[in-house]
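Per-entry structural report
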Amino acid sequence: MSRILLAPMEGLADPLMRNVLTAVGGYDWGICEFIRVTESVLPNRTFLRTCPELHHGSLTDSGTPMRVQLLGSDPHFMAANARRLVKHRPAGVDINFGCPAPTVFRHRGGSALLGEPQLLHDIVSAVRAMVPADIPFTAKMRLGIADSSLAVDCAQAIEAGGVDELIVHGRTKVDGYKPPARWAQIDRVRAAVNIPIIANGEVWTVADFRQCQMESGCADVMIGRGALADPLLPRKVRGEETGGWEELVPSVATYWRGVRERVLPVHAGGRLKQWLLLLRRHYPQAEALYQQLRPVKAAEDIDRMLIEAGILDAMPDKLLLAA
């Protein structure tokens, strides 16, 4: 059976969301949000805050392994941080060569390095020297910055640096997240290297998953925003029976309770609405709920509306008092 992996999604797949999605099931492993490396060795608390799964064997509450991703452009400091990270025994170490965010790009991180294959090699080589052979070591890249002319060069440089596997997102930095993802270009990369390639990008449905496999030539697929739009997608790919929206209602409730415990009431509603915006792509019930909650700002009002909608049981008193 193909492996199905949960993508690192800055600002979307935080520890709470990772717990919710992996509890629904179907993932072999995933990668946490990136940890930004500059000219310093980060304190242990930074690794543990970004990937609290490290406190529990690098597993989510449901037992899904979660790897830790580093983002940076200095081989020395990337290696020094990797040395500190591996002391926490992560389920794996990944390097981010794909983030298209303007701020990251401007500071020479993520996809900004895809114009410099030699630097990619140097970073991977330096980190490889710090990652023990028994800890999986991967990298994630896009096809390039403005075009895919260096995609093969970049992949070969990363391979030569010593990664075990490479995840390739089928878009360039300039593409951002605009469809389509060019899965056939991933196949071009796959044919040029001797390590396993994992395909990523624009997988929203079971049909997308199969088409991505066919065009990319990759058995294994990493799912990003499609995971939030349909948390049941990995299990659907595996041919399992699923319960539709009714099965997801407890997950929405769990997420909201987690948000209320972790986020100031003034910001809590935005987190839930952000997820509903994606869920409504597949679930009319999520669209209806989003439209109900859209004008509501107060967290305690959202509590009440979710209870009335049958999404929630009563909220814990401590949260109601905190509002």
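A few points on the structure. Given the structure is predicted, the values throughout are model-derived calculations rather than measurements. (Residues numbered from 1 in each chain as written. Predicted model: local features only at pLDDT ≥ 70, side-chain atom pairs only at ≥ 80, totals over all residues. Heavy atoms only, no water.)

1. Describing the sheet that holds strand S2 (residues 29-36)
Definition in use: Following DSSP output, two strands are said to pair if at least two bridges run between them. Under the scheme used here, helices are H or I runs from DSSP no shorter than 4 residues and strands are E runs no shorter than 2 residues, and both carry numbers assigned from the N terminus. Note on method: axes are straight lines fitted to C-alpha atoms, helices fitted across the in-contact stretch only, with angles between N-to-C directions ranging 0 to 180 degrees.
With parallel pairing, eight strands are arranged side by side around a closed barrel as S1-S2-S3-S4-S5-S6-S7-S8. Within the sheet, the average angular offset between the axes of one strand and its neighbour, ignoring direction, is 30°. When strand S6 (residues 165-172) meets strand S7 (residues 197-200), the two strands line up parallel, connected through four bridges. Each bridged residue has a counterpart across the sheet, and for Ile167 the counterpart in S7 is Ile198.

2. Examining the packing of aromatic side chains
Applicable threshold: Pairs were defined over the aromatic rings of Phe, Tyr and Trp, the Trp ring being its six-membered one, requiring ring centres within 6.5 Å. Orientation was assigned from the angle between planes: stacked under 30 degrees, edge-to-face over 60, tilted for the rest. Type-normalised accessible area, obtained with a 1.4 Å probe on protein chains alone, sets the label of each residue: buried when under 20%, exposed when over 50%, and partly exposed for intermediate values.
Considering all chains together, one arrives at two aromatic pairs under this definition. Measuring from ring centre to ring centre gives 6.0 Å for Trp245 and Tyr283, while their planes differ by 45°; the resulting arrangement is tilted. Of the two residues, Trp245 is situated in helix H11 (residues 244-262) and Tyr283 in the loop between helix H12 (265-279) and helix H13 (284-293); the sequence distance between them amounts to 38 residues. Judged by its relative accessible area of 7%, Trp245 falls in the buried class. For the pair Tyr255 and Trp275, a centre-to-centre distance of 5.2 Å together with 70° between the ring planes defines the contact as edge-to-face. With Tyr255 in helix H11 and Trp275 in helix H12, the pair connects residues that are 20 residues apart, well separated along the chain. You'll find Tyr255 and Trp275 in the same group, each marked buried.

3. What to know about the packing of H12 against helix H14 (residues 299-308)
Short version of the rule: Just so you know how the angles are binned, under 35 degrees is roughly parallel, over 145 roughly antiparallel, 65 to 115 roughly perpendicular, and the rest oblique. The contact rule is simple, with two residues in contact once any of their heavy atoms fall within 4.5 Å. Lys, Arg, Asp and Glu make up the charged group, whereas Ala, Val, Leu, Ile, Met, Phe, Trp, Tyr, Cys and Pro make up the nonpolar group; the residues left over, Gly among them, are polar.
Axis separation between H12 and H14 bottoms out at 8 Å; the angle between their running directions is 45°. Classified by the angle between their axes, H12 and H14 sit oblique to one another. Along its contact with H12, which presents Pro265, Ala268, Gly269 and Leu272, the element H14 presents Ala299, Ile302 and Leu306. The class makeup of the residues in the contact of H12 with H14 is six nonpolar, one polar and no charged.

4. Quick look at the pairing of S7
Cut-off, in case you're wondering: The crossover handedness rule: strands pointing away from the viewer, path from first strand over the helix to second strand clockwise, crossover right-handed.
In S7, alternate side chains face the same way, and those of Ile197 and Ala199 on one face and Ile198 and Asn200 on the other are all buried. Regarding topology, helix H7 (residues 183-190) serves as the crossover connection from S6 to the parallel S7, and that connection is right-handed. Here two bridges tie S7 to strand S8 (residues 221-223), and the two strands are oriented parallel to one another. Across the sheet, the residue bridging to Ala199 is Val221, located in S8. Handedness of the crossover joining S7 and S8 through helix H8 (residues 206-216) is recorded here as right-handed.

5. Some words on the pattern of salt bridges
Operational definition: Think of a salt bridge as a Lys or Arg side-chain nitrogen and an Asp or Glu carboxyl oxygen that are within 4 Å of each other.
Per the counting criterion, the structure on display carries 21 salt bridges. Two residues, Arg304 and Glu308, come together in a salt bridge whose shortest N-O distance is 3.4 Å. Taken together, the residues span about one helical turn, with Arg304 and Glu308 both in helix H14 at a distance of four residues. Using a relative accessible area of 40% as the deciding quantity, one classes Arg304 as partly exposed. Classification of Glu308 by relative accessible area gives exposed; the value is 59%. Connected through shared salt-bridge partners, Arg3, Glu165 and Asp220 make up one network.

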